Amino acid sequence: MATDERPAGLPADALRTLVDLGRLVVSELDLERVMQVVVDAARELTGATAAALLYRADPAGRAFTHVALSGVARATVDPTASAWWEEMTSSASNGRPTIRHDDLDALPGSALGVLAGFTAEHPVRSYLAATVTGPDGDPLGALLLGHPKPGRFEVRHELLLEGIVGYASIGLANAREHRAVRDIAHTLQRALLPTVGFHEGVEVAVRYRPAARRAQVGGDWYDALRLADGRLALTVGDVAGHDVLAAARMGTVRNALSVHVLREVDPGRSLLALEEHLAATGQRGFVTAVQALFDPADASLEIARAGHLAPLVVPAVGAPYFLDGDPAPPIGVGLLRRPPDAVRLQLALGDRVLFFTDGLVEQRRTPTDVRMARLRELVRTLPTTTAEGLCDDVLARFVGADGGDDDVAMLAIRPLNLVPGRGRVSTGAQA
Amino acid sequence: MTAVGDLDVSGALGRLVLRGDIDLLVVPEVQAAVQRAKDQHVTSLEVDLALVDFIDSSGLGVLAQASSEFERLRVVDAPISIVRILEMTGLGDLLLRSDEAG
């Protein structure tokens, strides 16, 4: 029996499909996927041969910005607003959310396909359509269903369509909200994280990767400041949380620390100054940070840590290792009372040091020190010799495409050549 | 009793037993339990982590924050992986030292 001779009854499991649709729609935040799920379900549930879901991202715009299709190619749908859209919205505002035509051929004098939203390339005689409105009643789009034979849709299909459109409204409104939040978050993030400029004599690479499946921001940050005497003050830090609130706090903390770094210079005293600053301004909340001071005159690196995981030292010759020792307590919870001790490293040209936040190594079912050992092992096998290459490879092969539960910030440094200090006597390389 | 921890108070001593994953989602419950300990005038709090599977930075933050709010806060019976996390994030002093054990 050919498909178009099948009686246009409801599929036996229509109720299950409708419930599944509801579940899918409320859990999916991606606009295109919500639309595809809805339009496929609509076609399946009503027995239509063609279904189109049109969505207008900008209510004032004239054209639909997104189209999802099921059973037809794109060329068969006309996304520009036209007479049929006006017919639909006025019908909806008159309390009739769905429109049904048993035979478009029987309608008087019209370029019927275009009027109904389908072009003449896909002949449609049975026609069913409904507007999709947002939570405040503004029309977001339309769901159109068609069949080349007349009389395929009945009242029960209208009711089914109303149910589908209800879910579509929720799904589209959610997706729109989510996209708006993500756009704001993304803009905020890009404004909060600095571009790290070129520094003579040293390669500095930075990366930020937000937590997967969340707003594109978080509380992790990196910073690189050039002091007047030519030394570089480097920071990687983590304000707990991975949402817009964490990003906002991070902006405050990062700026406060950089002011103290410019004043104090010494990494340990800078971190203690940040603790005192946060306490004095009533800003409580867990912050971890590693503060380093690099001297391009002799490639020495002083590193102080408050609550932060040890950086990975990657010598040009020899195996990578994590910096020894436990850090001072974290900042912002009343535990840091004296400047964290600094460890002094003498780097050779071509050595690299990788600073990172715990999002790189924290994983629910694997202890962090096991993850860190794996990171060290991975880095040992990487052929890349640059700081940029190290960051890229670690992100690609250790974090993976999907990202983790927490955001990740990284900073890698590689001394290239010695640069005399300005107005300072270099301490000189140590044996 | 909460889904994530039990608090027992005896005089000025409190013992908070946590279990499961101590992460962002359960932080409010842990904070509430800490507050109950304070409300009952606990000055020395032991936090038992024997049944904890995982603790992330937000969980560590609650512990760190709480430690500044009691005269004494000590973490007891933590699994070795959590001992390591505490040490690696500068919270090793919160661990009960053998010379402090009662």
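See above for the structure.
This is a predicted model, so every value here is computed, not measured.

(A) Representation of the overall build of chain B. Secondary structure summary: chain B contains three helices and four strands in total. From first element to last, N terminus to C terminus, chain B shows the α and β order β-β-α-β-α-β-α. For chain B, the residues scored as buried account for 56% of the 102 residues in total. Sequence-distant contacts in chain B: of pairs separated by 6 or more residues, those separated by 24 or more amount to 70%. Surface summary for chain B: the accessible area is close to 4,600 Å², and the carbon and sulfur share equals 53%.

(B) Structural context of the packing of helix α6 (residues 244-264) of chain A against helix α7 (residues 267-280) of chain A. All names here are of chain A. Between α6 and α7, whose axes approach to 9 Å, the crossing angle comes to 135°. By the angle between their directions, the pair α6 and α7 is classed as oblique. Regarding α6 and α7, the two cross each other, and that crossing is right-handed. On α7, the residues that touch Val 253, Ala 256, Leu 257, His 260, Val 261 and Glu 264 of α6 are Arg 269, Ser 270, Leu 271, Ala 273, Leu 274, His 277 and Leu 278. Residue composition of the contact of α6 with α7, by class: eight nonpolar, three polar and two charged.

(C) Spatial organisation of the sheet that holds strand β2 (residues 66-70) of chain A. All names here are of chain A. One open sheet accounts for five strands, arranged β2-β1-β5-β4-β3; its pairing is antiparallel. Each end of this open sheet is capped by a strand with a single partner; those strands are β2 and β3 (98-101). Averaged over all pairs of adjacent strands, the angle between strand axes in this sheet comes to 10°, irrespective of strand direction. Most of the contacts of helix α2 (residues 31-46) go to β2, to which it runs at about 35°, and overall it touches β1 (50-55), β2 and β5 (139-147).

(D) The pattern of salt bridges, seen in detail. Per the counting criterion, the structure on display carries 22 salt bridges over all chains. Of the charged contacts in the structure, one is a salt bridge between Asp 21 of chain B and Arg 365 of chain A, with a shortest N-O distance of 3.3 Å. Pair noted here: Asp 21 of chain B is in strand β2 (residues 13-22) and Arg 365 of chain A is in the loop between β14 (352-356) and α8 (368-381), and the two residues belong to different chains. Judged by its relative accessible area of 19%, Asp 21 of chain B is buried. The network of salt bridges with common partners includes Arg 15, Glu 46, Asp 48 and Asp 77 of chain B.

(E) Looking closely at α6 of chain A. All names here are of chain A. An ideal rise of 1.5 Å per residue puts 30 Å on 21 residues; α6 measures up with 30 Å between its terminal C-alpha atoms. Of the residues making up α6, those classed as buried are Ala 246, Ala 247, Met 250, Gly 251, Val 253, Arg 254, Ala 256, Leu 257, Ser 258, His 260 and Val 261. Val 265, located one to two residues past α6, shows a positive phi value of around 65°.

(F) Seen up close, the interface of chain A and chain B. In this assembly, 27 residues from chain A lie in contact with 23 residues from chain B. Surface buried jointly by chain A and chain B totals about 1,800 Å² across both partners, of which 57% is contributed by carbon and sulfur atoms. Here chain A is connected to chain B by two salt bridges. For the pair chain A and chain B, the interface holds two residue pairs in polar contact (both at pLDDT 80 or more). Sorting elements by how many residues they give to the side of chain A that touches chain B places α8 of chain A first, with three residues.

(G) View of the nonpolar core. Formed by 73 residues in total, the largest nonpolar core has its most connected members in Phe 355, Phe 356, Leu 375 and Val 394 of chain A. Considering every element that reaches this core, the biggest residue donor is helix α9 (residues 387-399) of chain A, with seven residues. In this view, Val 394 of chain A contacts Leu 354, Leu 360, Leu 375, Val 379, Leu 382, Val 399 and Met 410 of chain A; residues no more than four positions away in its chain are not counted. Of all hydrophobic cores here, the second largest spans 36 residues; its members include Phe 286 of chain A together with Val 52, Ile 55 and Leu 95 of chain B.

(H) Highlighting the packing of helix α1 (residues 27-39) of chain B against helix α2 (residues 57-67) of chain B. Residues and elements named next belong to chain B. Relative orientation of the contacting elements α1 and α2 amounts to 15°, with a least axis distance of 10 Å. By the angle class used here, α1 and α2 are roughly parallel. In the packing of α1 onto α2, the handedness of the crossing is right-handed. Packed against α1, whose contacting residues are Val 27, Val 30, Gln 31 and Val 34, the element α2 presents Ser 58, Gly 59, Val 62 and Ala 66 at the interface.

(I) A look at the packing of aromatic side chains. All names here are of chain A. Scanning the entire structure with this criterion turns up one aromatic pair over all chains. Taken together, a centroid distance of 6.3 Å and an interplanar angle of 70° make the contact between Phe 322 and Phe 356 edge-to-face. Of this pair, Phe 322 sits in strand β12 (residues 321-322) while Phe 356 sits in strand β14, and the two are 34 residues apart along the sequence. Owing to a relative accessible area of 15%, Phe 322 belongs among the buried residues under this scheme.

(J) Broad picture of the sheet that holds β12 of chain A. Residue and element names in this part refer to chain A. With respect to topology, five strands assemble into an open sheet ordered β6-β15-β14-β11-β12, the strand pairing being antiparallel. Each edge of the sheet is formed by a strand with only one pairing partner; in this case those strands are β6 (202-209) and β12. Examined bridge by bridge, strand β11 (residues 312-314) and β14 share three bridges and lie antiparallel to one another. Its bridge partner lying in β14, Val 314 is registered against Arg 352.

(K) Seen up close, empty space enclosed by the protein. The tally for this structure, following the rule as stated, stands at two cavities of 30 Å³ or more. Estimated volume of the largest cavity: approximately 160 Å³. In terms of lining, the largest cavity is formed by 16 residues, of which the most central are Gly 307, Leu 309, Asp 358 and Glu 362 of chain A together with Thr 89 of chain B. Counting only elements with at least two residues in the lining of the largest cavity, the list comes to α2 and α3 (80-88) of chain B. Looking at the lining of the largest cavity residue by residue, the class counts come to six nonpolar, seven polar and three charged. Looking at the second largest cavity, its volume works out to about 30 Å³.

Definitions and cut-offs
- Residues numbered from 1 in each chain as written.
- Chains lettered and ligands numbered in written order.
- Predicted model: local features only at pLDDT ≥ 70, side-chain atom pairs only at ≥ 80, totals over all residues.
- Heavy atoms only, no water.
- Helix = DSSP H or I, 4+ residues; strand = E, 2+ residues; numbered from the N terminus.
- Buried < 20%, exposed > 50% of the residue type's maximum accessible area, 1.4 Å probe, protein only.
- Contact = heavy atoms within 4.5 Å.
- Areas by Shrake-Rupley, 256 points an atom, 1.4 Å probe, with all protein chains shown as cover.
- Axes fitted to C-alpha atoms, helices over the stretch in contact; angles between N-to-C directions.
- Parallel < 35°, antiparallel > 145°, perpendicular 65-115°, else oblique.
- Left-handed = near helix turned anticlockwise from the far one by under 90°.
- Nonpolar A, V, L, I, M, F, W, Y, C, P; charged D, E, K, R; others polar.
- Pairing = 2+ DSSP bridges.
- Salt bridge = Lys/Arg side-chain N within 4 Å of Asp/Glu carboxyl O.
- Expected span 1.5 Å × (residues − 1).
- Buried area = accessible area lost by both parts, 1.4 Å probe.
- Polar contact = N/O pair within 3.5 Å; in protein donor to acceptor, adjacent residues only side chain to side chain.
- Core = buried A, V, L, I, M, F, W, Y, C linked by side-chain atoms within 4.5 Å.
- Phe/Tyr/Trp six-rings, centres within 6.5 Å; stacked < 30°, edge-to-face > 60°.
- 1 Å grid on protein atoms, 1.4 Å probe; cavity = no way out; pocket = protein on both sides within 12 Å on 5 of 7 lines; lining within 4 Å.
- Points joined across faces, edges and corners; volume = space filled by probe spheres on them.

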